[in-house]
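# Per-entry structural report
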Amino acid sequence: MVEAIETLLEERRRIPPPAAFTAAARVADATIYDEAATDFRAFWMGHALREISWFREPTEILDDRNPPFYRWFADGELNVSYNCLDRHVAAGGGDKVAYTWIGEPADEERVLTYSDLLAEVSRCANALRELGVRKGDRVAIYMGMVPELPVAMLACARLGAAHSVVFGGFSAAALADRINDASCNVVITCDGAWRRGQVVPLKVLVDEALVSTPGVEHVLVLRRTGQEVAWQEGRDVWWHDVVPAASPECAPERMNAEDVLYLLYTSGTTAKPKGICHTTAGYLLGCIMSHQWVFDVRPDDVYWCAADCGWVTGHSYIVYGPLANHTTGVMYEGTPEHPSWSRHWEIVQRHRVSIYYTAPTAIRAFVKAGDEHLARFDLSSLRLLGTVGEPINPEAWMWYHSRVGRGECPIVDTWWQTETGSIMIAPLPGVTTIKPGSATRALPGVVAQVVDEQGAEVPLGSGGYLVLKQPWPSMLRTLWGDDDRFVSTYWSRFGRDVYFTGDGARRDEDGDFWLLGRVDDVINVAGHRISTTEIESALVGHPAVAEAAAIGAHDAIKGEQICAFVILKDGIDQSVELRGALVAHVATQIGKFARPGMLLFTTDLPKTRSGKIMRRLLKDVAEGRELGDATTLRDPAIVLAIKSQADAQLGR
Ligand code: PRX
């Protein structure tokens, strides 16, 4: 790893903030960093009292008596949906547009003002209460990108039930696991979701999942795609039968600052996903402040975060941050390539989008698709661009800057995680000199460092492990039902008060951060985290497979693609059909987005004397590189055999 870190290309371009941008920016000078560093507790408390509307103001700031079980603003009371909706309507801002939603099928558009959203959320909350949802319950949400998805999230928040949104690309088996882990009693879904012109039959997948989820009492189903669906009387309820008829008034529950707001499952280094647990006030504050600082949002902005609400980016930067900040947003149902690669630019032009936030994988795909897809659109409304999810390569960055941003828009490269809840490392666009490929520096109130194996900070210019050394309000509080795993995953490697991110990073001579990817067995495919073990256990669950190893191999568009090495059971022959069946099997077990892009049959795997698979050698094989040092293998000759088997299958 150190080797990889030290060979990182030196990127020398530096782009200071445009003077006109700085002149109008919300944060126009660097004093905010000093203010936060002088007394981070007072800093966060000041913002908490100013930016959140409390039912009861907190007097406690940070309880750090029992690290890593930190508590923020623990005697405060509030409701997140009140902060996102009611307070804006009460202040006369009800007519402002909250979302302009654009459907995937062409010409579909819905405009929801803050008043509309408040009424719809209240109706949905009342309907959920009728279905038995109570404060403290967990509700699973498995929907496409329709306005009712944020409505459902906010309705849960209103009632004090934790939502657990499961991305619509996950399979029935993955959904069932997540429902059971959190013992959800209600599931909210759609008949289907539009994806690239096709219907993803969500209700069918829910029905399949619910065969093994005894705790679910009701399923609330939104009609979206209109096809026939199977119906279980007594359990299944149509959204259109209960929500429109419910009262548009529903008093928001008084929640404690440390009550759970939501769970969101993410991959770790084992096959079992982790239920990241976020609580109420600190999470909200992290979203509010980072959204103001990093995106510089102003009242007249049209803000578009092109993520899916199924991931944390959608939670923090489509729903909670923007709505709490009374922002006007665009929400799009589909993916960027359907019906053509022009779709996003057409939307930017039509809706005069001023802030656009997407993932490097999308940018690389735009580059590949060709400039003709954006050339005929007027993108002059854009004033700020953002990226998230993985390191961005300087070429893609330069394209984004010059073609999309006309060379005028600052780009905020935002580093954060499901666990951190909100952005941790990113430029302040009116202040920071940006460098293509660097997330620059930690936000005010966040202390990030790069450390060596012993936890000592490395000198500027070198690489190591990225850690966060001071608690922050939007930090995860635990893993659902598993405090021990919470401690051992994040707070053991360098001590109970140092958060280990799992990422490698380097700091340059100016102290700016360059992210270098995961240092554990987690693959980042198109900005989505998938663990190697998750893929491996899916594969060995297939009757033909004896053993499997999965790695991430470089991919020009997706960043990494999953590459699986599979040993078949005795007597089973490799074939193209079997390869297809195994790839499909991973899709059923986890989801289509986790399908291996490369699946190779081998007769052995490179193992050390202690039996550990040497993934670095498999990476060399997959990427067609010269093999690295294999001397610590039990049988060094094996890797040559694997390489020739792989080369034969790949036609190399
Ligand atoms: O490896 C880092 C990468 O994505 C991981 C977090 O994934 P997830 O929890 O799914 O959240 C993604 C959206 C916040 C990190 O550990 N990552 C995220 N943002 C960046 C990044 N890597 C480099 N640069 C980024 N800006």
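The structure this text deals with has already been given above.
So, here's what we can say about the structure. (Residues numbered from 1 in each chain as written. Predicted model: local features only at pLDDT ≥ 70, side-chain atom pairs only at ≥ 80, totals over all residues. Heavy atoms only, no water.)

Another aspect to go through is the site of the ligand. Taken together, the neighbourhood of the ligand is formed by 17 residues, with D413, T414, T418, R518 and R529 sitting nearest. Taking T414, its main chain carries an N or O atom lying 2.8 Å from a nitrogen atom of the ligand. Between the ligand and the protein, one listed contact pairs an oxygen atom with a side-chain N or O atom of T418 at 2.6 Å. Considering the ligand on its own, with 540 Å² of exposed area, one finds that the protein chains cover 96% of that surface. Contributing elements (two or more residues each) for the shell around the ligand: α12 (312-324), β20 (411-414) and β25 (513-518). In terms of residue class, the shell around the ligand is made up of six nonpolar, six polar and five charged. (Near = heavy atom within 4 Å. Polar contact = N/O pair within 3.5 Å; in protein donor to acceptor, adjacent residues only side chain to side chain. Areas by Shrake-Rupley, 256 points an atom, 1.4 Å probe, with all protein chains shown as cover. Helix = DSSP H or I, 4+ residues; strand = E, 2+ residues; numbered from the N terminus. Nonpolar A, V, L, I, M, F, W, Y, C, P; charged D, E, K, R; others polar.)

Right, let's talk about the sheet that holds strand β17 (residues 328-332) for a bit. Adjacent strands of a sheet pair through backbone hydrogen bonds, lying either parallel or antiparallel. Here we have seven strands laid out as an open sheet, ordered β5-β4-β17-β16-β18-β19-β20, and mixed in their pairing. Of all strands in the sheet, those with a lone pairing partner are β5 (109-113) and β20, marking the two edges. Mean inter-strand twist for the sheet, computed between neighbouring axes without regard to direction, equals 20°. Taken together, the four bridges between strand β4 (residues 97-102) and β17 define a ladder with parallel strand orientation. By the bridge assignment for β17, Y99 is matched with G329. (Pairing = 2+ DSSP bridges. Axes fitted to C-alpha atoms, helices over the stretch in contact; angles between N-to-C directions.)

Counting 171 residues, the largest nonpolar core has F295 and Y320 as its most contacted members. The leading source of residues in this core is helix α11 (residues 281-295), at 10 residues. For Y320, the contacting residues outside a window of four places in its chain are V80, C84, M153, L154, A157, H163, L261, Y262, Y283, L284, C287 and H315. Counting residues in hydrophobic clusters, the runner-up holds 27 residues, among them I347, V353, I363 and L374. (Core = buried A, V, L, I, M, F, W, Y, C linked by side-chain atoms within 4.5 Å. Buried < 20%, exposed > 50% of the residue type's maximum accessible area, 1.4 Å probe, protein only. Contact = heavy atoms within 4.5 Å.)

Right, let's talk about empty space enclosed by the protein for a bit. One pass over the full model with this rule turns up seven cavities of 30 Å³ or more. Of the voids in this model, the largest cavity is the one considered here, and its volume is about 70 Å³. Around the largest cavity sit 14 residues that line it, and W44, G286, S422, I423 and M424 are the ones nearest its centre. For the lining of the largest cavity, a count of residues per class yields 10 nonpolar, four polar and no charged. (1 Å grid on protein atoms, 1.4 Å probe; cavity = no way out; pocket = protein on both sides within 12 Å on 5 of 7 lines; lining within 4 Å. Points joined across faces, edges and corners; volume = space filled by probe spheres on them.)

So, to be careful, I would describe these as geometric facts and stop short of saying anything about function.
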